[in-house]
Amino acid sequence: MSQFWEQQLAEIREQLLLMSGLTERNLSLAMRGLVERDDKLCDTVEVEDSQIDQLEIHIDDLVITYMATHGPIARDCRLMLTASKISNNLERIADQATKIARRARELNTEPLLKPLIDIPLMAETAQEMLRDSITAFVDGNPELAVEIIARDKSVDSINKQLARELTSFMIEDPKTITRALNLLTVAKAIERVADHATNIAEEVFYLNRGEDIRHEQSLKQGS
Amino acid sequence: MNSYATEPRMKPPETAPMPQIAAAVESDDQTQPTMIEVEKLDFYYGKSQALHDVSIKIPANKVTAFIGPSGCGKSTLLRCFNRMNDLVDVARIGNGQIRIHGVDIHHSDVDVIALRRQVGMVFQKSNPFPKSIYENITYGLQIQGITDRKILDEVVEKSLRGAALWDEVKDRLHTSGLGLSGGQQQRLCIARAIAVEPSIILMDEPCSALDPIATSKVEELIQQLKGKFTIVIVTHNMQQAGRCSDQTAFFYLGKLIEFAKTEKIFTNPAQKQTEDYITGRFG
Amino acid sequence: MHAPANPFVVQNSSARTFERVCFGIFRSATYFILICATCIFGMILFKGGKTVFQSTFPFVNVPFLTQAPETLFVFEYEGKKMQMGDKEFRAFKENLGGVDIAADSYVYSSGGVFPCIVGTVLLVLGSMFIALFIGISSAIYLNEYSKQGKLVAFIRLAIMNLAGVPSIVFGLFGLGLFVLFMPMLQNFDNPAAPSIPVGFGNYLNFSGWGVCLLSGWFTLAFMALPVVITASEESLKAVPMGFREGSLALGATKWQSIRTNVLPYALPGMLTSSILGIARVAGETAPIMFTAAYVVRDKMPWDVDHALDTLFQGVMALPYHIYVVSSKIPQNEYTERVQYGAAFVFLFIVMGIALASIVLRIKMRNRYRW
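Residues numbered from 1 in each chain as written. Chains lettered and ligands numbered in written order. Predicted model: local features only at pLDDT ≥ 70, side-chain atom pairs only at ≥ 80, totals over all residues.

Another aspect to go through is the domain arrangement of chain C. Residues and elements named next belong to chain C. Each assigned domain of chain C is listed with its residue range as follows: domain 1 (1–52), domain 2 (69–110) and domain 3 (114–367). Between the C-alpha centres of domain 2 and domain 3 there is a distance of 41 Å. Contributions of two or more residues to the side of domain 2 that touches domain 3 are made by strand 1 (69–77) and strand 3 (104–111). With 4 residues, strand 3 is the largest single contributor of residues to the side of domain 2 that touches domain 3. Of the residues belonging to the side of domain 2 that touches domain 3, the class tally is 5 nonpolar, 1 polar and no charged. (Domains from an automatic or database assignment. Helix = DSSP H or I, 4+ residues; strand = E, 2+ residues; numbered from the N terminus. Nonpolar A, V, L, I, M, F, W, Y, C, P; charged D, E, K, R; others polar.)

For the rest of this paragraph, the subject is the sheet that holds strand 2 (residues 80–85) of chain C. Residue and element names in this part refer to chain C. Strand order in the open sheet made by the 3 strands is 2-1-3, with antiparallel pairing throughout. In the strand order of this sheet, the two ends are held by strand 2 and strand 3, each with one partner. Along the sheet, successive strands turn relative to each other by an average axial angle of 35 degrees, direction set aside. Pairing of strand 1 with strand 2 involves 6 bridges; the strand directions are antiparallel. Of the residues in strand 2, the one forming a bridge with Phe-73 is Met-84. Set on the sheet, helix 13 (residues 333–367) makes contact with strand 1 and strand 3; between it and strand 3 the angle comes to about 15 degrees. (Pairing = 2+ DSSP bridges. Axes fitted to C-alpha atoms, helices over the stretch in contact; angles between N-to-C directions. Contact = placed C-beta atoms within 7 Å.)

Residue and element names in this part refer to chain B. Along strand 11 (residues 255–261), 5 of the 7 residues are buried, which leaves the element largely enclosed by surrounding structure. In this structure, strand 10 (residues 247–252) lies alongside strand 11, joined through 6 bridges in antiparallel fashion. Directly across from Ala-249, in strand 11, lies its bridge partner Phe-259. Joining the antiparallel neighbours strand 10 and strand 11 is a turn of 2 residues, in which Leu-253 adopts a positive phi near 50 degrees. (Buried ≥ 20, exposed ≤ 12 C-beta atoms within 10 Å, placed from the backbone.)

One broad rule of soluble globular proteins: the nonpolar side chains tend to lie buried together. Ranked by internal contacts, the top residues of the largest apolar core, which has 151 residues, are Ala-224 and Ala-342 of chain C. The biggest single contributor to this core is helix 7 (residues 213–238) of chain C, with 15 residues. In this structure, Ala-224 of chain C is in contact with Ser-127, Met-128, Ala-131, Gly-277, Arg-280 and Val-281 of chain C, ignoring residues within four places of it in sequence. In this structure, Ile-59, Ile-148, Ala-189 and Ala-197 of chain A belong to the second largest nonpolar core, which totals 60 residues. (Core = buried A, V, L, I, M, F, W, Y, C linked by C-beta atoms within 7 Å.)

For the rest of this paragraph, the subject is the arrangement of the chains. Across the 2 pairs of chains in contact, the largest number of contacts is found between chains A and B. With no contact between them, chain A and chain C keep their nearest C-alpha atoms 29 Å apart.

Whether parallel or antiparallel, the strands of a sheet pair through hydrogen bonds between backbone atoms. All names here are of chain B. Ordered by their spatial adjacency, 6 strands build an open sheet running 7-8-9-3-10-11, and the pairing between neighbours is mixed. Both outer strands of the open sheet, strand 7 (119–122) and strand 11, are each paired with one neighbouring strand and no more. On average, each strand axis in the sheet is inclined to that of its neighbour by 20 degrees, with strand direction left out of account. Along the sheet, helix 1 (residues 74–81) contacts strand 3 (63–67), strand 7, strand 8 (200–204), strand 9 (230–234) and strand 10; its crossing angle with strand 8, the most-contacted strand, is approximately 150 degrees.

All right, on to the interface of chain C and chain B then. At the interface, 18 residues of chain C touch 18 residues of chain B. At the level of secondary structure, the elements contributing two or more residues to the side of chain C that touches chain B comprise helix 8 (241–249) and helix 9 (254–261) of chain C. For the side of chain C that touches chain B, the element with the most residues is helix 8 of chain C, which contributes 7 residues. Residues that form the side of chain C that touches chain B fall into these classes: 7 nonpolar, 8 polar and 3 charged.

Residue and element names in this part refer to chain B. Remark: helix 3 (residues 133–142) packs on helix 6 (residues 182–195), axes separated minimally by 8 Å, with the N-to-C direction vectors making an angle of 30 degrees. Between helix 3 and helix 6, the angle falls in the class roughly parallel. Note that helix 3 runs across helix 6; the crossing there is right-handed. Contacts from Ile-133, Asn-136, Ile-137, Tyr-139, Gly-140 and Leu-141 in helix 3 reach Leu-188, Ala-191, Arg-192 and Ala-195 in helix 6. (Parallel < 35°, antiparallel > 145°, perpendicular 65-115°, else oblique. Left-handed = near helix turned anticlockwise from the far one by under 90°.)

As structure tokens, this is what we get:
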């Protein structure tokens with residue numbers, strides 16, 4: 001293949017990496033806005049989200065153009081499919097980050113319900129999963145992808161536990177309902193982020209190995 | 001507690017610029033300078049009409065592809081541009097005009113020889129002359145009367161470099177052109193065509209007789225050439241049109257059905273006939 | 001467990017038998033041709049060789065090849081049978097003091113065929129040159145320039161018909177046009193022929209060229225034309241269209257394209273046609289009988305005052321000489337010697353010219369390989 005068409009493929013990868021960088025940043029800003037109780041960070045997240053949305057459109061446009069004009073096969077074909085799906089997942093993660101930022105802004109108007117321990121722990125795992133899935137994409141490392149999928153369970157279990165805890169808060173003291181619900185939403189959003197990171201890992205595995213490992217329960221057993 | 005504040009791998013600037021979104025697709029790029037303008041052209045072979053009311057503006061310094069099923073008139077139109085159809089007794093132009101550099105090429109003032117020097121052609125079956133590689137390339141200059149050895153040497157090197165063939169043949173310039181492989185022969189024909197410095201290069205299915213590797217070399221060459229020349233390529237191979245061209249024109253039964261940017265034609269053609277053809281539903 | 005039956009075993013059938021019979025017929029026909037050719041060539045080589053070769057040095061009968069024909073005198077002198085040519089006999093009689101010796105004379109049975117050799121070679125070379133020039137030009141016009149239409153179809157029909165014209169008719173045509181009618185530029189007015197004054201005291205007299213080389217050349221050229229035109233056209237057609245298109249697309253004029261990119265590669269084929277033409281032209285007697293050949297001529301064509309007059313000289317020719325020796329005079333053992341000798345020399349010359357043409361063609365093919 002000549003350099004000319006390689007450039008087009010390289011551009012798709014670059015745009016994906018750009019999008020993943022912006023998404024990671026937005027997620028991290030949203031968490032900081034929550035923990036440091038900083039509304040300005042939350043505003044930044046909402047503003048930057050539109051960029052990420054535009055990138056999703058742009059990447060899809062590049063993908064369909066390349067597919068239509070070059071008719072790629074084999075790995076290039078899988079790259080097209082996975083690029084589109086990864087960008088979709090990244091966009092959803094960014095949307096979740098926006099949701100976290102909005103909830104954080106509301107939470108910042110009231111004092112803390114309880115010290116934030118579980119949520120930052122979940123967030124750290126989820127962010128690691130996202131970062132590692134992008135690393136797996138860049139490095140072409142399907143083994144790392146499998147490992148990522150296994151971590152999803154821990155996030156799910158923290159989420160369940162937190163839901164139980166917050167439910168008991170709400171039952172004991174109805175005045176805490178607003179804050180508890182907001183925290184539940186934040187936890188749910190982080191759990192969704194982990195799910196999307198898992199999806200990205202599955203796509204990376206498919207890209208490199210050509211095997212579809214979505215919905216494989218056995219892979220999610222580990223911790 | 002601050003682990004989530006670690007920097008993301010890609011450090012986008014605080015105010016990342018809006019990524020470039022593909023510009024809204026225009027039908028035929030009105031802002032580009034036009035090299036070849038066809039206006040309401042009718043063309044006949046004897047009694048049968050090969051082209052019906054064809055109007056198209058081919059932009060300069062870009063690659064335009066003509067696609068369509070066999071017998072749709074794309075090769076006929078291509079050969080009109082350098083008046084190679086004059087060789088066929090029964091071919092004649094009806095209404096309409098073809099203008100190159102703004103001049104009607106069928107006007108009696110126009111010298112066909114000068115036209116053909118400006119509009120070069122590469123044929124489907126590569127036809128290197130049975131002379132040496134050197135003589136093949138200098139043929140176009142020698143018939144103009146240029147015999148200065150230094151000038152000819154320069155032109156040979158420049159053309160062969162331009163056709164990405166110099167490194168492969170520089171040690172055997174005086175061996176027969178027929179001793180080259182198929183792909184090399186076709187690149188030799190391209191070098192021969194660019195030796196006379198035309199402004200337009202017409203290519204009539206240049207890769208149809210070549211294997212995939214030779215084809216990809218020729219396609220790469222087309223990309224390199226397009227900055228300096230206007231290239232019009234007739235092709236049966238959809239993927240080639242998609243890979244190589246900036247604009248694509250779809251012809252059917254002697255009519256121009258659609259002409260637009262290649263990306264648009266291949267992702268969302270406006271005419272159903274175009275879509276049916278490129279997806280292989282007919283033709 | 002027996003081996004499976006061979007499904008491909010040879011079966012005899014009527015079709016196979018018929019095939020064998022047919023092939024047998026084809027083979028016999030081919031060998032028959034070979035036998036006939038061997039007989040003809042063998043006879044000429046054997047009998048002619050007796051005249052042309054001799055057993056002593058230089059092994060070739062040089063006088064036969066270098067002298068003009070003479071009358072043979074056979075006589076007895078002092079009990080010995082002697083044969084002498086005319087000049088030798090006269091000298092012999094002189095030596096004896098002018099005595100008259102009774103001798104049988106046989107016309108043309110002595111001397112050689114040198115003037116005939118010269119005449120044949122000149123006729124062949126000249127007519128082939130003219131035929132190739134006119135033929136190749138016509139072939140180029142018909143193949144490259146003419147538009148298909150009634151006129152061209154008519155021309156092709158005419159060429160085809162020309163190939164079927166009997167040689168004696170060509171002779172009459174040559175006689176009527178070249179010998180009796182072609183214009184001569186002379187400085188007097190010929191009262192016996194239509195003439196046109198062209199100024200400065202010169203006249204174009206339509207009195208014909210007379211029996212001469214020019215008339216013979218043109219007559220023979222016209223005989224060879226159909227072969228040359230057809231073969232040249234085939235050679236031009238064999239050159240791929242790609243060469244022409246490629247050169248035209250680079251901005252060559254049509255003639256430049258033909259001259260540099262078509263003709264050189266068609267030339268070998270055209271020269272082949274010349275070989276065929278030579279074969280036809282060299283052996284013809286009827287056309288040259290009326291237009292170029294004399295039965296006997298004592299001057300060589302170049303024994304003239306002005307060089308250009310050579311063109312207007314008649315010549316002797318080998319086929320005509322063989323005809324004359326074989327049919328115009330009584331046959332005997334002495335004439336037979338001359339006939340076969342002349343035939344041998346004639347074959348040799350024709351093959352020599354053809355060989356030269358083949359060699360030239362091979363050289364050109366190597367140079368213009370495609």
